[in-house]
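# A structural walkthrough
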Amino acid sequence: MRIMAQIAMVMNLDKCIGCHTCSVTCKQTWTNRPGVEYVWFNNVETRPGQGYPRRYEDQDRWRGGWTLNRKGKLELRAGGRLRKLLTIFANPIMPSIQDYYEPWTYDYENLTNAPLSSDIPVAPPRSLISGEPTKISWSANWDDSLGGDPSPDPVLAQVSDQVKLSFEEAFMFYLPRICEHCLNPSCVASCPSGALYKREEDGIVLVDQDRCRGWRMCVTGCPYKKMYFNHKTGKAEKCTFCYPRVEVGLPTVCSETCVGRLRYLGVLLYDADRVSAAASVPDERDLYEAQLDVFIDPDDPAVASADLPPDWVEAARRSPVYQLIKKYRIALPLHPEYRTLPMVWYVPPLSPVVDALAGTGHDGEDAVNLFAAIEALRIPVGYLAELFTAGDPAPVNTALRRLAAMRSYMRAVNLGEPHPVPPDAGLSEDELRDMYRLLALARYDERYVIPTAYGNPPGVVEEGVCSLDYDGGPGMQQPFGEASGRPVPVSIENFHGLKERQTSDEITHDRVNLLNWDGRGTPAGLFPPRRKKS
Amino acid sequence: MSWGESMLWIVAPYITIVIFVGGLIWRYRYDKFGWTTRSSQLYESRLLRVASPLFHYALLFVIVGHITGLLIPRNWMEAIGVSNHAYHVNALTWGGIAGLATLVAVGLLIYRRRTVGPVFLATTNNDKTMYAVLALAILSGVVTTVAGFVPSEVSYRTTVAPWFRGVLILQPDVTAMAHASGLYKVHTLIGMVLIVLFPFSRLVHALSAPLGYLFRPYIVYRRRPR
């Protein structure tokens, strides 16, 4: 047994209102640069819907993730090592920019330069790819709130044709997506250069920008299509799980700014030796249980003897993510059938069932009604099962029943009923109350239980050495100008930036508005002034 | 041996080698981030899917051809029973096919680069220079291959090749090179320019051919040093 830790995320879909705040703040933080205009590390999709990039879940076409070969061994669906090298000169299966969308800007100058006329001048759209005038016809959330035709949804195609229409009328929810930071990441396995890696300490999957050579195999390898190609730098980029923030114990930007407070972050312990076995169980429907078995109870005596820092073990014991996933079993993985063992899980939405009940004049909060509705409204359950459990309705039913039980029990409690009886969903009264607390009331430090980076005291993060005068560092004279040489490690930059902000009283005169910065050059005030070496 | 000849065939090749090696070391140390294929597949993939594999595979044949032609002395070949005639028939057939394929492919690639708007926008001056020299090198190479149609005693096997091997063992044979025909000289000079450009252009991606991928475990883990 080899116990490793991972910072994982759970999103409670019942609370998502599809406001895209997570997407926008993420974009402002990470992808507001030229070359990644079309890239959304975090995007919010309307389900049913096509998704972003369009129909990315159609693995017959995009060939992402893993599959079992005839001998029952895991292999990359897009082909093995030799095939990757033989097709390296032009990746045969890679989404084009049109499968995402052609990013655009507006010709704002026209507003001031247009000659005098009786019509109000407009700012016409310009493609950011070709620079030509363009017609905006698609984007990352074009079919927002069923604004487009959801019938191309590959998941919908799995649910039988009969139910489609009623389903579309009755059921809609939002699905925020980030990189899954999988336990068995197929993007990492697809990278010919070995530039993609999974961090042993916290499981975050990152791209080494110095080693990436732009072969683009990771874009094909990721079944969630959360690997992106920066067309200006020629390198792969992906969601970083905001590692500079996580390392100092702060939640990711998408979590921090979520208005519904629906994201939970915490430590999950897992047995690294059992990952491959779990990813290669023969029946796709067993993948959910197999992945649950890989996770280790933080109170297991084996954890104490594992080589883990005490604050990480402590965080694992308080982990909200562990409780939602393994204790209450109300969080489910997204598309386990891709066999990557994803680590961003979802509490399926009960609200559409409640709404459907209330719409028919029934009491939508009553447990008996809700239980019956979960059974009767097979369509939502079927669809959710295709998303979260490779089509097995049982775990979805369990999760929804538990949510329904909590809803009805807590209503009885809040209405002051003398002896409220917990509905039969496999949870005790105390467990229902704890689950309610975690889902409805949990405060910041209960939703985000994040230990600081391995072996470091809180507030201090080191990358090798915490100094700027290492060989080739910014403390050294650059022989080929400001832009040459290695960039400052992010955590060093981050640490000094935070320290500067917290310890200096005066507001510097060189302030830079990051909203107006397009990523080119370094405007004055972007970084704190250099101190003279003493 | 005139001053010009010794400049061209003694000084220039060593300057080329120094710039090539030094440039690569500099580029690797100071520009790992810029070391990439800078693929334009995201913009356009229909033409690329034909032209790029054709170009690269044909180029691999061309490289093998250059190694056999330049590095293996004629008498070694004859010692293993390959006559001058048989050699030239082979060289012309395989070299001709590979060379023509490379030429067609580079033509397609340049056509694509010029006509597809986003690809052209992403083309830097550095790229343009590189493409010009690369196309010239391939064109002159194909011409010399075809010109070698008539096997003779003064083919590159007795002129360019001994000089090239001499450069590598620090005894450049200028007299041999002086007997080469003008076509070969032009091709050699363009080749040297291409080698000089190599470390400073997108050509460097050739050196990161990821052969290690065949041997490493699929999942890469990294741990911060403790």
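All residue numbers here refer to positions counted from 1 along the written sequence of the relevant chain. Both sets of labels track the order of writing: A upward for chains, 1 upward for ligands. Restriction of local features to residues with pLDDT of at least 70 applies here, the model being predicted, together with a cutoff of 80 or more for giving and counting side-chain atom pairs; totals for whole chains, interfaces and linings are based on all residues. No hydrogens and no water enter the side-chain calculation; it runs on all heavy atoms of the structure.

The subject of this paragraph is the pattern of salt bridges. Pairing between side chains becomes possible if they bear opposite charge and their charged atoms approach one another. Whenever Lys or Arg places a side-chain nitrogen within 4 Å of a carboxyl oxygen from Asp or Glu, that contact is recorded as a salt bridge. Evaluation of the coordinates by the stated rule reveals 26 salt bridges over all chains. Here Asp273(A) ties to Arg2(A) by a salt bridge, and the two come within 3.3 Å at their closest N and O atoms. On the criterion of sequence distance, the pair formed by Asp273(A) in the loop between β12 (263-271) and α12 (275-279) and Arg2(A) in the segment before β1 (3-12) is long-range, its members being 271 residues apart. Using a 1.4 Å probe on the protein chains alone, a residue whose accessible area is under 20% of its type maximum counts as buried, one over 50% counts as exposed, and one in between counts as partly exposed. On the accessibility criterion, Asp273(A) (46% relative accessible area) is partly exposed. With its nearest N and O atoms 2.6 Å apart, the salt bridge here joins Arg38(B) to Asp127(B). Residue Arg38(B) is found in the loop between α1 (3-30) and α2 (46-71), and its partner Asp127(B) is found in helix α6 (residues 125-147); the two are separated by 89 residues along the sequence. Three or more residues are tied together by salt bridges with common partners; here these are Glu45(A), Arg47(A), Glu57(A), Asp153(A) and Arg177(A). For helices the rule is a DSSP run of H or I covering at least 4 residues; for strands it is a run of E covering at least 2, with both sets numbered from the N terminus onward.

With that out of the way, let us pick up the UniProt feature "binding site: heme b 1" (unreviewed entry) in chain B. UniProt positions are given in the numbering used here, feature names are shortened, and annotations may be inferred rather than shown by experiment. The sites that carry the UniProt feature "binding site: heme b 1" (unreviewed entry) are, in the present numbering, His56(B) and His205(B). Sequence-wise these annotated residues cover 150 residues; spatially they are packed, their C-alpha atoms never more than 12.1 Å apart. Among the structural elements, His56(B) can be located in helix α2. Tracing the backbone shows His205(B) in the loop between α9 (182-197) and β1 (221-222). What His205(B) contacts, discounting residues up to four positions off in sequence, is Trp215(A), Trp35(B), Thr36(B), Thr37(B) and His56(B). As used in this structure description, the phrase polar contact means that two N or O atoms lie within 3.5 Å; if the pair is within protein, one of them must be able to donate a hydrogen and the other to accept it, and residues adjacent in sequence are counted only when both atoms belong to side chains. Among the polar contacts made by the side chain of His205(B), one reaches the main-chain carbonyl oxygen of Arg202(B) at a distance of 2.7 Å. The criterion used for residue contact is that any of the two residues' heavy atoms lie within 4.5 Å.

Here we come to the sheet that holds strand β9 (residues 205-207) of chain A. In space, the three strands of this open sheet follow the order β9(A)-β8(A)-β1(B), with mixed pairing throughout. Each end of this open sheet is capped by a strand with a single partner; those strands are β9 of chain A together with β1 of chain B. Two strands pair when backbone bridges link them, and strand β8 (residues 196-199) of chain A and β9(A) are joined in this way by three bridges, in the antiparallel orientation. Paired with Tyr197(A) across the bridge in β9(A) is Leu206(A). The pairing criterion for strands is at least two bridges between them, as found by DSSP.

Turning our eyes to something else, we now look at the packing of aromatic side chains. Centres within 6.5 Å are what make two rings of Phe, Tyr or Trp a pair, Trp counting through its six-membered ring; a difference in plane orientation under 30 degrees is then read as stacked, over 60 as edge-to-face, and the rest as tilted. Tallied over the entire structure, the rule returns 22 aromatic pairs over all chains. On the numbers, 6.0 Å between centres and 70 degrees between planes, the contact of Tyr101(A) with Trp104(A) is edge-to-face. The exposure class of Tyr101(A) is buried, given its relative accessible area of 7%. Here the aromatic rings of Tyr346(A) and Phe388(A) are separated by 5.8 Å at their centres, their planes lie at 35 degrees, and the arrangement is tilted. With Tyr346(A) in strand β15 (residues 344-347) and Phe388(A) in helix α19 (residues 378-388), this residue pair connects regions lying 42 residues apart in the sequence. When its relative accessible area of 0% is taken as the criterion, Phe388(A) is described as buried. Taken together through their ring pairs, the aromatic side chains of Tyr38(A), Phe41(A), Tyr52(A), Tyr100(A), Tyr101(A), Trp104(A) and Tyr228(A) make up a single cluster. Just above the ring of Tyr56(A) sits the side chain of Arg177(A); from NZ or CZ to the centre is 3.8 Å. Two thresholds decide whether a charge sits over a ring: the Lys NZ or Arg CZ must be within 6 Å of the ring centre and within 35 degrees of the ring normal. Positioned above the aromatic ring of Tyr197(A), the side-chain terminus of Arg222(B) is 4.1 Å from the ring centre.

This next bit is on α2(B). Residue and element names in this part refer to chain B. In this model α2 runs 38 Å from its N-terminal to its C-terminal C-alpha over 26 residues, within 8% of the 38 Å that 1.5 Å per residue would give. When we look at burial in α2, the residues that qualify are Leu-48, Ala-51, Ser-52, Pro-53, Phe-55, His-56, Ala-58, Val-62, Gly-69 and Leu-70. If you follow the buried residues of α2, they end up packed against α4 (84-115), α6 and α7 (160-168). Here a helix's expected span is defined as the number of its residues, less one, multiplied by 1.5 Å.

Angle between the axes and distance between the axes are the two parameters that describe a pair of packed helices. All names here are of chain A. Where helix α16 (residues 320-327) meets helix α21 (residues 429-441), the axes come as close as 11 Å, and the angle between the chain directions of the two elements is 130 degrees. What the angle tells us is that α16 and α21 run oblique. For the pair α16 and α21, the sense of crossing is left-handed. Taken together, the residues of α21 that come into contact with α16 (itself represented by Pro-320, Gln-323, Leu-324 and Lys-327) are Glu-431, Leu-438 and Leu-439. Amino acids are sorted into nonpolar (Ala, Val, Leu, Ile, Met, Phe, Trp, Tyr, Cys and Pro), charged (Asp, Glu, Lys and Arg) and polar (every other residue, Gly among them). Residues of the contact of α16 with α21, tallied by class, amount to four nonpolar, one polar and two charged. Comment: axis = line fitted to C-alpha atoms, over the contacting stretch for helices; angle = value between 0 and 180 degrees taken between N-to-C directions. Angles below 35 degrees are treated as roughly parallel, those above 145 as roughly antiparallel, those between 65 and 115 as roughly perpendicular, and all remaining angles as oblique. Crossings are classed by handedness, with left-handed meaning an anticlockwise turn of the near helix from the far one by less than a right angle and right-handed meaning a clockwise turn.

We now examine the confidence of the model for chain A. Per-residue pLDDT for chain A has a mean of 87; in total, 85% of the residues score no lower than 70. Contacts of residues 459-484 of chain A to residues separated by more than four positions or lying in other chains number 49 contacts, the stretch itself having pLDDT below 50. Values of pLDDT, which run from 0 to 100, indicate the predictor's confidence residue by residue.

Residue and element names in this part refer to chain B. UniProt feature "binding site: heme b 2" (unreviewed entry): in the numbering of this structure it lies at His-66 and His-187. Spanning 122 residues, the named residues form one tight spatial group whose C-alpha atoms are at most 12.3 Å apart. Relative to the elements of secondary structure, His-66 occurs in helix α2. Residue His-66 is classed as partly exposed on the basis of its relative accessible area, which comes to 40%. Structurally, His-187 is set in helix α9. According to the relative accessible area criterion, His-187 is buried, its value standing at 18%. Excluding its chain neighbours within four sequence positions, the residues that come into contact with His-187 are His-66, Ala-137, Ser-140, Gly-141 and Thr-144. A distance of 2.8 Å separates the side chain of His-187 from the side chain of Ser-140, its partner in a polar contact.

Once that is clear, we can look at the interface of chain B and chain A. Interface size is commonly expressed as the accessible surface area that is lost when the partners come together. Residue-level contacts link 39 residues of chain B with 67 residues of chain A. A quick way to say it: buried area is the sum, across both parts, of accessible area lost when two parts are put together, with a 1.4 Å probe. Taken over both partners, the interface formed by chain B and chain A buries close to 4,900 Å², and the fraction arising from carbon and sulfur atoms is 57%. It is Leu42(B), Arg222(B) and Arg224(B) that lose the most area in chain B upon contact with chain A, and together they represent 18% of the buried surface on that side. Linking chain B with chain A are three salt bridges. The set of elements that each furnish at least two residues to the side of chain B that touches chain A consists of α1, α2, α5 (117-121) and β1 of chain B. Among the elements that make up the side of chain B that touches chain A, the one with the highest residue count is α2(B) (six residues). Of the residues in the side of chain B that touches chain A, the class split is 22 nonpolar, eight polar and nine charged.

Turning our eyes to something else, we now look at the packing of α6(B) against α9(B). Residues and elements named next belong to chain B. At a minimum axis separation of 9 Å, α6 and α9 run at an interaxial angle of 150 degrees. Relative to α9, the element α6 is oriented roughly antiparallel. Remark: the crossing between α6 and α9 carries left-handed chirality. Within the contact between the two elements, α6 uses Thr-129, Met-130, Val-133, Leu-134, Leu-136, Ala-137, Ser-140, Gly-141, Val-143, Thr-144 and Ala-147 and α9 uses Leu-183, Tyr-184, His-187, Ile-190, Val-193, Leu-194 and Leu-197.

Take the sheet that holds β1(A) next. All names here are of chain A. Taken in spatial order, the five strands of this open sheet run β13-β12-β1-β15-β14, and their pairing is mixed. Of all strands in the sheet, those bounded by a partner on one side alone are β13 (295-296) and β14 (332-333). Here two bridges tie β12 to β13, and the two strands are oriented antiparallel to one another. If you follow Tyr-270 over to β13, its bridge partner there is Phe-295.

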